[in-house]
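# Structural characterization, general
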Amino acid sequence: MKISYHGHSVVKVVTESHTILIDPFISGNEACDLNADTVVADVILLTHAHNDHVGDTIEIAKRNDALVVAPNELAVYLGGKGLVTHPMHIGGSRAFDFGTVKFTQAFHGSSYTEEDGTMIYGGMPGGILLTVEGKTIYHVGDTALFTDLKMYGEMHDIEVAFIPIGDNFTMGPDDALLAADWINAKVSVPVHYNTFPVIDQDPKAWAGKVKTGEGREMEIGEEMEL
């Protein structure tokens, strides 16, 4: 299995049989190296409804006939746009042919803004525990620090955790370091930073301060193999 990072919170997981995109915010994301018109995806996983996470989901899913797995209200909304969706909710898990998805809590908001400015309620935001080929990846999603992250770390043997460090909209670097300790992943990767001036951070410095497991700044497009 190969995992790559593509700016903001965009993560790609490639297995022997599937390509999985998480929060594919590509168009309008200057940090992203992917092309929304050509990127391949069998599955799209969404943590919540904010536009900088839903991103190009509608276009990518239609072009690839991809399955979209998302929190219930967001999945229902996207289903109304003609996508093939599977709704889930916080605490629920389900085994798919590409792996097992479990949604965790995240303390954040969740709404989708239409082109005319209309805001659509997107249900509860979440984090995603994705287990493929016996290995678990934790995309923490957009969230504040909360103590149940320690519980998730105790319940799951997590290989890689993608943790937001941007501050302002999510936890900042100091809280994210504590989150990395609690999650107890073998590798912790910072995400959700430097896309906008208000979330400018130093990912390399943050990674160097991680005490539990390895902290790793992933360059845009960089790939790791599990």
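The model shown is predicted, which means the values in this text are computed figures rather than measured ones.

Conventions adopted
- Residues numbered from 1 in each chain as written.
- Predicted model: local features only at pLDDT ≥ 70, side-chain atom pairs only at ≥ 80, totals over all residues.
- Heavy atoms only, no water.
- 1 Å grid on protein atoms, 1.4 Å probe; cavity = no way out; pocket = protein on both sides within 12 Å on 5 of 7 lines; lining within 4 Å.
- Points joined across faces, edges and corners; volume = space filled by probe spheres on them.
- Nonpolar A, V, L, I, M, F, W, Y, C, P; charged D, E, K, R; others polar.
- Pairing = 2+ DSSP bridges.
- Helix = DSSP H or I, 4+ residues; strand = E, 2+ residues; numbered from the N terminus.
- Axes fitted to C-alpha atoms, helices over the stretch in contact; angles between N-to-C directions.
- Salt bridge = Lys/Arg side-chain N within 4 Å of Asp/Glu carboxyl O.
- Buried < 20%, exposed > 50% of the residue type's maximum accessible area, 1.4 Å probe, protein only.

## Details of the layout of surface pockets
- Of the voids in this model, the largest pocket is the one considered here, and its volume is about 250 Å³.
- Lining the largest pocket are 13 residues; nearest its centre among them are N51, G55, E59, Y112 and E115.
- In terms of residue class, the lining of the largest pocket is built from four nonpolar, four polar and five charged.

## Quick notes on the sheet that holds strand 5 (residues 67-71)
- The mixed open sheet is built from seven strands, whose spatial order is 6-5-4-3-2-1-16. A strand with exactly one partner marks an edge of an open sheet, and here the two such strands are strand 6 (84-88) and strand 16 (223-225). Ignoring which end each strand starts from, the neighbouring axes of this sheet average 20° apart.
- The sheet contact formed by strand 2 (residues 11-14) and strand 3 (residues 19-22) spans four bridges and is antiparallel. Paired with K12 across the strands is L21, a residue of strand 3.

## Some thoughts on the pattern of salt bridges
- Counting across every chain of the model gives four salt bridges.
- K81 is the salt-bridge partner of E114, the closest N and O atoms lying 3.8 Å from each other. Remark: K81 occurs in the loop between helix 3 (72-79) and strand 6 and E114 occurs in the loop between strand 9 (111-113) and strand 10 (119-121); sequence separation between them is 33 residues.
- On the accessibility criterion, K81 (32% relative accessible area) is partly exposed.

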